[in-house]
Amino acid sequence: QVQLVESGGGLVQAGDSLRLSCAASGRTFGRAWFRQAPGKEREFVAYISWNNGDTYYSDSVKGRFTISKDNAKNTVHLQMNSLKPDDTAVYYCAATRTVGLIVLPREYDYWGQGTQVTVSS
């Protein structure tokens, strides 16, 4: 069983930046960030392969968000720049034991508790 612990959420103004972190207690092959706004389904944000560092982003965050990994700390970061009110959501870290890009929440094996990001206009 892998445990994921997220940190870094908060309240910011539009145009500001935030960095989320996700520390894992064990090895996984892929790590991703999802988000869920009130009344909406959980949606894919970004993915990174632990093996080769390949990344993939949703169109809504491409060019503004950057996912990265720290191998030594078994931690993934999500740098969020130029934040918009539409980015307001609970952000979840997820991990998979499957090799290759996965964008569906149901395909992930482990989840963090979530961290709130609120962007005011």
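Use the structure listed above.
Note that the structure is a prediction, hence the values are computed from the model and not measured.

Chemist: Quick rundown of unusual backbone geometry? Include the residues and the values.
Modeler: Glycine aside, negative phi is the norm for most residues, and most peptide bonds take the trans geometry. Not every positive phi belongs to a glycine, and Asn74 is a case in point at roughly 50°. Relative to the helices and strands, Asn74 resides in the loop between β7 (65-70) and β8 (75-80). The buried category is assigned to Asn74, whose relative accessible area is 17%. A positive phi angle, near 50°, is found at Ser82, a position not held by glycine. Structurally, Ser82 can be placed in the loop between β8 and β9 (89-96). Note on Ser82: relative accessible area 41%, which makes it partly exposed.

Chemist: If you had to explain the sheet that holds β8 to someone new, which residues and values would you point to?
Modeler: Spatial strand order, β1-β3-β8-β7: four strands in an open sheet with antiparallel pairing. Looking at which strands have only one partner, the edges of the open sheet turn out to be β1 (4-7) and β7. Between one strand and the next, the sheet's axes are offset by a mean angle of 15°, whatever the strand orientation. With six bridges connecting them, β7 and β8 associate as antiparallel partners. Within the sheet, the bridge partner assigned to Thr66 lies in β8 and is Gln79.

Chemist: Now, about the pattern of salt bridges: what can you tell me, with residues and values included?
Modeler: Two side chains that carry opposite charge are able to pair once their charged atoms sit near each other. By the definition in use, this model includes six salt bridges. We note a salt bridge from Glu43 to Arg35, for which the minimum N-O separation is 2.6 Å. Judged by relative accessible area, which is 34%, Glu43 ranks as partly exposed. Exposure remark for Arg35: the relative accessible area of 5% places this residue in the buried category. Across the salt bridge formed by Asp59 and Lys62, the nearest N and O atoms sit 3.3 Å from each other. Assessed through its relative accessible area of 67%, Asp59 is described here as exposed. Residues joined in a network through salt bridges with shared partners are Arg35, Glu43, Arg64 and Asp87.

Chemist: How would you sum up the pairing of strand β4 (residues 30-36)? Please name residues and give values.
Modeler: Where burial is concerned, most of β4 is hidden: six out of the seven residues are buried. The antiparallel hairpin formed by β4 and strand β5 (residues 43-49) contains six residues in its connecting segment, where Gly39 sits at a positive phi of about 80°. As defined by bridge partners, β4 adjoins β9 across seven bridges and the pair is classed as antiparallel. Looking at the pairing, Ala32 lines up with Ala94 of β9.

Chemist: Could you give me a rundown of the packing of aromatic side chains, with the residues and numbers involved?
Modeler: By the definition in use, this model includes six aromatic pairs. Aromatic side chains Phe34 and Phe44 sit 5.8 Å apart centroid to centroid with 80° between the ring planes, which places their arrangement in the edge-to-face category. Pair noted here: Phe34 is in strand β4 and Phe44 is in strand β5, with a separation of ten residues, a long-range link. On the numbers, 5.9 Å between centres and 35° between planes, the contact of Phe44 with Tyr56 is tilted. One end of the pair, Phe44, is in strand β5; the other, Tyr56, is in strand β6 (residues 55-57), with twelve residues separating them in the sequence. A residue is classified by how much of its surface remains accessible, and Phe44, at 11% relative accessible area, is buried. Residue Tyr56 is classed as partly exposed on the basis of its relative accessible area, which comes to 40%. Taken together, Phe34, Phe44, Tyr56, Tyr92, Tyr108 and Trp111 form an aromatic cluster joined through their ring pairs. Across the ring face of Tyr92, the terminal group of Arg42 is positioned such that the distance to the ring centre comes to 3.8 Å. The ring of Trp50 is capped by Lys69, whose NZ or CZ atom sits 5.3 Å from the centre of that ring.

Rules used in this analysis
- Residues numbered from 1 in each chain as written.
- Predicted model: local features only at pLDDT ≥ 70, side-chain atom pairs only at ≥ 80, totals over all residues.
- Heavy atoms only, no water.
- Helix = DSSP H or I, 4+ residues; strand = E, 2+ residues; numbered from the N terminus.
- Buried < 20%, exposed > 50% of the residue type's maximum accessible area, 1.4 Å probe, protein only.
- Pairing = 2+ DSSP bridges.
- Axes fitted to C-alpha atoms, helices over the stretch in contact; angles between N-to-C directions.
- Salt bridge = Lys/Arg side-chain N within 4 Å of Asp/Glu carboxyl O.
- Phe/Tyr/Trp six-rings, centres within 6.5 Å; stacked < 30°, edge-to-face > 60°.
- Lys NZ or Arg CZ within 6 Å of the ring centre and 35° of its normal.

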